[in-house]
Amino acid sequence: MQFRGQILKMTTQNGKPIQYFLNLSHDLIVMNQLVDHKIKIKHIGYECVNCGSDEKIYRMGFCKKCFFESPYASETIIRPELSTAHLGIEERNLEIERSIQLQPHIVYLAYTGDVKVGVTRESQIPTRWIDQGATFALPIAKTENRYEAGMIEVALKEHVADKTNWKKMLEDDYEDDLDLAQFREKIKNDFPVDFQNFYRDNNEVVRLDYPYVAPEKVTSFTLDKNPNFEGVLKGIKGQYLAFEGGHFLNVRGHEGYVIELEI
Ligand SMILES: [Zn+2]
């Protein structure tokens, strides 16, 4: 069967294991059922996720113009602590920034090969954790807006990583006694004084179960370097498709790419 369309990040449904759906324009392809099957991917063009232009994708699925102009690609998407919508100050489009920033946010610890701290809208849980390939996650604060969550993250990232090391995440080895609640206790005193009231003290560590077994070695490829790829799908973790031989494709890193998919 052949499909053709623009890649968006995979849609997920939490379960045992997590279910993955590849978004290809008008088609939604159940990826779990393709494990152990051969897949062909051919890169044939681009389509900006914002304006639909066929110019080369610049970053995050956006063409260069949209990346520098769209409120969905603004700096506060990456750095929440710079948020200003709660002050009524516009960055690129105040109305959209209000809708993104002025809602409950969660600060969490997650295990993605290392323990890391992160921030997300409450509505994005557990999607955000799944996208990052976290095996464990624990909310440690709930705030009223994005700015507050960002300020907590900034204080904590002096003591904890805030970036995911994709290779470590895919190597998937963790200690069985890894306890995020215990880890939270260790950094409790680093919580900024002004934001203490957002601290949450429950012990509900979430464990996520991927259709995935780590291979011996982990290497990634891009459709820029390899526009005609063919391989047997072996599993999925985070937003990565794992192919036989330890070759990984970061689906999210290819948002806006137009492909032909043969299954
Ligand atoms: Zn664009």
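Everything here concerns the structure above.
For clarity, every value in this text was computed on a predicted model and none was experimentally measured.

Student: Where do I start with the nonpolar core in this structure?
Tutor: Here is a general trend for soluble globular proteins: nonpolar side chains tend to be buried in one another's company. Core analysis: the biggest nonpolar cluster contains 42 residues, and Met31, Phe243 and Leu261 have the highest contact counts within it. A per-element tally of this core places strand E11 (residues 240-243) first, with four residues. When residues of this core are assigned to domains, at least three fall in each of domain 1 (2-68 + 215-262) and domain 2 (105-207). If we ignore the near neighbours within four places in the chain, the residues touching Met31 are Met10, Tyr20, Phe21, Leu22, Ile39, Leu233, Ile236 and Leu241. Ranked by size, the runner-up nonpolar core spans 21 residues in total, among them Ile140, Val160, Phe191 and Tyr199.

Student: What exactly am I supposed to notice about the coordination of the zinc ion here?
Tutor: Note on metal sites: the ideal angle is 109.5 degrees for four tetrahedral donors, and 90 or 180 degrees for six octahedral donors. Coordination sphere of the zinc ion, protein contribution only: Cys48 (SG), Cys51 (SG), Cys63 (SG) and Cys66 (SG), at 2.3 to 2.4 Å. For the zinc ion, the four donor atoms in the first shell make angles of 103 to 115° at the metal, a pattern classed as tetrahedral. Here the donor residues of the zinc ion are spaced in sequence according to C-x2-C-x11-C-x2-C. In this pair, Cys48 sits in the loop between strand E4 (38-46) and helix H1 (64-69) while Cys66 sits in helix H1, placing the two residues 18 residues apart along the sequence. Look at Cys48 and you get buried, because its relative accessible area is 2%.

Calculation criteria
- Residues numbered from 1 in each chain as written.
- Predicted model: local features only at pLDDT ≥ 70, side-chain atom pairs only at ≥ 80, totals over all residues.
- Heavy atoms only, no water.
- Core = buried A, V, L, I, M, F, W, Y, C linked by side-chain atoms within 4.5 Å.
- Buried < 20%, exposed > 50% of the residue type's maximum accessible area, 1.4 Å probe, protein only.
- Helix = DSSP H or I, 4+ residues; strand = E, 2+ residues; numbered from the N terminus.
- Domains from an automatic or database assignment.
- Contact = heavy atoms within 4.5 Å.
- Donors = N, O, S within 2.8 Å, 3.2 Å for Na, K, Ca; no water.
- Tetrahedral: all angles 85-135°; square planar, octahedral: opposite > 155°, others 65-115°.

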